[in-house]
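Okay, here's what each chain looks like letter by letter:
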Amino acid sequence: MQFQTWKNKVTDVAADCLIIGSYEDGALTPHAASVDAASGERLSRLIKRGDFNGKLAMTFMLPEPDGVKAPRVLVVGLGPKAGYSRKAWRKAVAAAMLHAGRTQSKSVALALPRPTARELDDQVFGRVVAELAGAALYKINDLKTAKKPKPPQLDTILLESAKAAASKKIHAGFDEGVALAAGAVAMRNLANLPGNVCTPSYLAKQAEALAKRYKSITTKVLGLEEIKREKMGCFLAVTQGSDEPPRFIVMQHKHPRAKKAPLVLVGKGITFDTGGISLKDPPTMDEMKFDMSGAAAVMGAFTTLGELNLPLNVVGLIPTCENMPSGRAIKPGDIVTSASGQTVEILNTDAEGRLILCDALHYARRFEPAAVIDLATLTGAIVVALGTHHTGVFSNDDALAHDLVKSGVRADDRAWHMPLTEEYGEQLKSNFADFANVAGRDGGSITAAAFLGKFTKDLKWAHMDIAGTAYAGGNNKGSTGRPIALLTDFLVRRAAR
Ligand code: BES
Ligand code: MN
Ligand code: ZN
């Protein structure tokens, strides 16, 4: 996606599609008023006739209005003028991009009022425009055999020119948004694939492909024998019931100017979670193909890192396997030894995410990381607690948690800081091992985090439970690409420090 600017009169903008806005009470924005005046009041008449009411995100295409250079003028509803905010602006831009993407327009000019700088600074403004365009153009990677429609042609976005300093920031932000969109597409395409295609070996191949595509990235893949050599007893316990071989993926993004200790990102890569012997109920079990969303998010973040070549040192760790019932599967009550040496009584084989993550978190220690962040569709309990709007953030370091929450706010990819005090860890008590892998129903997302906390002592660590946010069920079933926007903001700010 290309970035360009337009200046002077809105009626002279040379773009295939010009996007203007109108409020709910019929009030036109200044740019819309200019178009209205030049076109013989096409817009006013449209509104008077009642065909366009300005409701937020409503769109209407005016083809070839007189007095306007652009061959298409797309009017988008901005909702009530008094309530026009960053949120409304986002929804309006998203709707307009979606509509413009369905035309043959190659270039689109935005002429909507910008939210105040306090709500949206120049850099994030540019970033969000590119992010929303990328999301609007995303076509789900289905395996339907019918002929695919012609893909959208849109490849250029024009924004109204600003003062030089602001323009530079907007442009830089736009490039971040393009990389963010590429990361989100990478994540969504991986997570949407069915479990019979997206196996642990497939994920490993894709991680190797990332290293081919980006000079800054290297990938190393451990197979079963090497995983055994690392004594990852918990990870091995989960994979032992499956016929698909496990993989432990180690990616590294290294910039020559990055001298600081690395940030480690760990992603849960269960390519299908049946629950194992503690088998899940059938109704929505298919959605457990999304149980590698954490892994997909790490690979998405690496795509963004590779695109931007950010001056950072980042390690990506992905333990990946299936969780299956079989004659070789682990059974409730089995006791295994983790890579850290601590023993775990597996009371519920469906609490497998924490088992593969605990060995990966231990592996992270060898990088002497500045911080470790894991991403996992870890618990149904976080969906009960927060629904699908906020990602749950747990941490042994308040500053790190606050930083992630802040990125969520800046990126409109929200996260909520959850408690993580000792009492929850005490609930994991076992009579037979150092601790159990589950602790009953109460505070289920927190006891899961507390389990991981047993393996991250003396590390600066945060855990993001994305079970409610990484994918949607029902009619909109599919990966959402969250939390790539949050992570992009986090990484960009970290690189600027
Ligand atoms: N992958 C699931 C968590 C999950 C559930 C993600 C629903 C998305 C939607 C995880 O492996 C799991 O099964 N967790 C159990 C833990 C329980 C056995 C303590 C759960 O949440 O039910
Ligand atoms: Mn499970
Ligand atoms: Zn799972």
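Undergrad: I'd like a rundown of the overall build of the protein, residues and numbers included.
TA: When helices and strands are counted, the protein shows 15 helices and 20 strands. The C-alpha atoms of the protein give a radius of gyration of 24 Å, which matches the 23 Å a tight globule of 497 residues would have. When its C-alpha atoms are laid out on the principal axes, the protein stretches across 80 × 50 × 45 Å. When each of the 497 residues of the protein is scored for burial, the buried share is 56%. Accessible surface computed for the protein: about 21000 Å², of which carbon and sulfur atoms make up 52%. Between the centroid of the 62 positive side chains of the protein and the centroid of its 51 negative side chains there is a distance of 6 Å.

Undergrad: So what's going on with the sheet that holds strand E2 (residues 17-22)? Which residues, and what values?
TA: Strand order in the open sheet formed by 6 strands is E1-E6-E5-E2-E4-E3, with mixed pairing between adjacent strands. Looking at strand neighbours, the two that pair on one side only are strand E1 (2-6) and strand E3 (59-63), the edges of this open sheet. This sheet shows a mean twist of 25 degrees between the axes of neighbouring strands, independent of strand direction. The sheet contact formed by strand E5 (residues 107-111) and strand E6 (residues 156-160) spans 4 bridges and is parallel. By the bridge assignment, Ser 107 is partnered in E6 with Thr 156. Along the sheet, helix H1 (residues 30-38) contacts E1, E2, strand E4 (72-77), E5 and E6; its crossing angle with E2, the most-contacted strand, is approximately 110 degrees.

Undergrad: So what's going on with the coordination of the manganese ion (ligand 2)? Residues and values would help.
TA: Around the manganese ion (ligand 2), the donor atoms from the protein are Asp 273 (OD), Asp 350 (O), Asp 350 (OD) and Glu 352 (OE), and they sit 2.1 to 2.2 Å away. Between the manganese ion (ligand 2) and the zinc ion (ligand 3) the interatomic distance amounts to 3.2 Å, and Asp 273 serves as a bridging ligand to the pair. With Asp 273 in strand E10 (residues 269-273) and Asp 350 in the loop between strand E13 (343-346) and helix H10 (353-364), this pair connects stretches of sequence that are 77 residues apart. We classify Asp 350 as partly exposed; its relative accessible area is 22%.

Undergrad: Got a sec to walk through unusual backbone geometry? Specific residues and values, please.
TA: Across the junction of Arg 482 and Pro 483, the peptide omega takes the value 5 degrees, indicating a cis bond. Relative to the helices and strands, Pro 483 resides in the loop between strand E20 (478-479) and helix H15 (484-496). Despite not being glycine, Lys 231 shows a phi value in the positive range, around 55 degrees. Lys 231 sits in the exposed class, given a relative accessible area of 61%.

Undergrad: Could you give an account of the site of ligand 1, naming the residues involved and the relevant values?
TA: Near ligand 1 you find 16 residues, and of these Lys 280, Asp 291, Asp 350, Glu 352 and Gly 380 are the closest. At 3.3 Å, a backbone N or O of Thr 377 approaches a nitrogen atom of ligand 1. Backbone polar atom of Gly 380 to an oxygen atom of ligand 1: 2.7 Å apart, as the coordinates give it. Burial of ligand 1 by the protein amounts to 78% of the accessible area it has alone, namely 510 Å².

Undergrad: Tell me about the coordination of the zinc ion (ligand 3), and name the residues and values.
TA: In this structure, Lys 268 (NZ), Asp 273 (OD), Asp 291 (OD) and Glu 352 (OE) serve as the protein donors to the zinc ion (ligand 3), at separations of 2.0 to 2.4 Å. If you look at the zinc ion (ligand 3), its 6 donor atoms make angles of 79 to 176 degrees with each other, and the shape they trace is octahedral. Ordering the donors of the zinc ion (ligand 3) by residue number gives the pattern K-x4-D-x17-D-x60-E. Assessed through its relative accessible area of 1%, Lys 268 is described here as buried.

Undergrad: Just give me the short version of the environment of Gly 269, but keep the residues and values in it.
TA: With respect to the secondary-structure elements, Gly 269 resides in strand E10. Sequence separation between Gly 269 and Phe 290 is 21 residues, and the spatial gap between their C-alpha atoms is 9.1 Å. Leaving out residues up to four positions away in the same chain, Gly 269 has contacts with Asp 291, Met 292, Ala 295, Ile 318, Pro 319, Thr 320, Cys 321 and Ile 356.

Undergrad: Quick one: what's the story with the pairing of strand E18 (residues 461-465), residue by residue and with numbers?
TA: When you tally the buried positions in E18, you get 5 out of 5 residues, the bulk of the element. Neither face of E18 is open: one carries Trp 461, His 463 and Asp 465, the other Ala 462 and Met 464, and all of them are buried. As paired elements, strand E14 (residues 371-376) and E18 share 5 bridges and run parallel to each other. Counterpart to Ala 376 in the pairing with E18 is Asp 465.

Undergrad: Before we move on, can you summarise the nonpolar core with the specific residues and values?
TA: Formed by 56 residues in total, the largest nonpolar core has its most connected members in Met 251, Phe 302 and Leu 404. In this structure, Ile 227, Met 232, Val 336 and Cys 358 belong to the second largest nonpolar core, which totals 42 residues.

Undergrad: Outline the state of the cysteines, supporting the account with residue identities and numerical values.
TA: Scanning all chains against the criterion turns up 0 disulfides. The closest cysteine sulfur to the non-disulfide-bonded Cys 198 is located on Cys 321, 13 Å from its own sulfur. The class for Cys 198 is buried, based on a relative accessible area of 1%. In this structure Cys 234 is a free cysteine whose sulfur lies 3.8 Å from that of Cys 358, the closest cysteine sulfur available. Accessibility expressed as a relative area gives 0% for Cys 234, which makes it buried.

Undergrad: Describe the pattern of salt bridges, listing the residues and the values that go with them.
TA: Under the definition given, this model contains 24 salt bridges. Taking the shortest distance from any N to any O, the salt bridge between Asp 121 and Arg 410 comes out at 3.6 Å. With Asp 121 in the loop between E5 and helix H4 (122-137) and Arg 410 in helix H12 (residues 398-410), this residue pair connects regions lying 289 residues apart in the sequence. For Asp 121, a relative accessible area of 28% translates into the label partly exposed. Residue Arg 410 is classed as partly exposed on the basis of its relative accessible area, which comes to 23%. Between Arg 482 and Asp 413 there is a salt bridge; the shortest N-O distance is 2.7 Å. One end of the pair, Arg 482, is in the loop between E20 and H15; the other, Asp 413, is in the loop between H12 and strand E16 (415-417), with 69 residues separating them in the sequence. The exposure class assigned to Arg 482 is buried, which follows from its relative accessible area of 18%.

Reading guide: rules and limits
- Residues numbered from 1 in each chain as written.
- Chains lettered and ligands numbered in written order.
- Predicted model: local features only at pLDDT ≥ 70, side-chain atom pairs only at ≥ 80, totals over all residues.
- Heavy atoms only, no water.
- Helix = DSSP H or I, 4+ residues; strand = E, 2+ residues; numbered from the N terminus.
- Rg over C-alpha atoms; globule rule 2.2 N^0.38 Å.
- Buried < 20%, exposed > 50% of the residue type's maximum accessible area, 1.4 Å probe, protein only.
- Areas by Shrake-Rupley, 256 points an atom, 1.4 Å probe, with all protein chains shown as cover.
- Lys, Arg positive; Asp, Glu negative; His and termini not counted.
- Charge placed at Lys NZ, Arg CZ, Asp CG, Glu CD.
- Pairing = 2+ DSSP bridges.
- Axes fitted to C-alpha atoms, helices over the stretch in contact; angles between N-to-C directions.
- Contact = heavy atoms within 4.5 Å.
- Donors = N, O, S within 2.8 Å, 3.2 Å for Na, K, Ca; no water.
- Near = heavy atom within 4 Å.
- Polar contact = N/O pair within 3.5 Å; in protein donor to acceptor, adjacent residues only side chain to side chain.
- Tetrahedral: all angles 85-135°; square planar, octahedral: opposite > 155°, others 65-115°.
- Core = buried A, V, L, I, M, F, W, Y, C linked by side-chain atoms within 4.5 Å.
- Disulfide = S-S within 2.5 Å.
- Salt bridge = Lys/Arg side-chain N within 4 Å of Asp/Glu carboxyl O.

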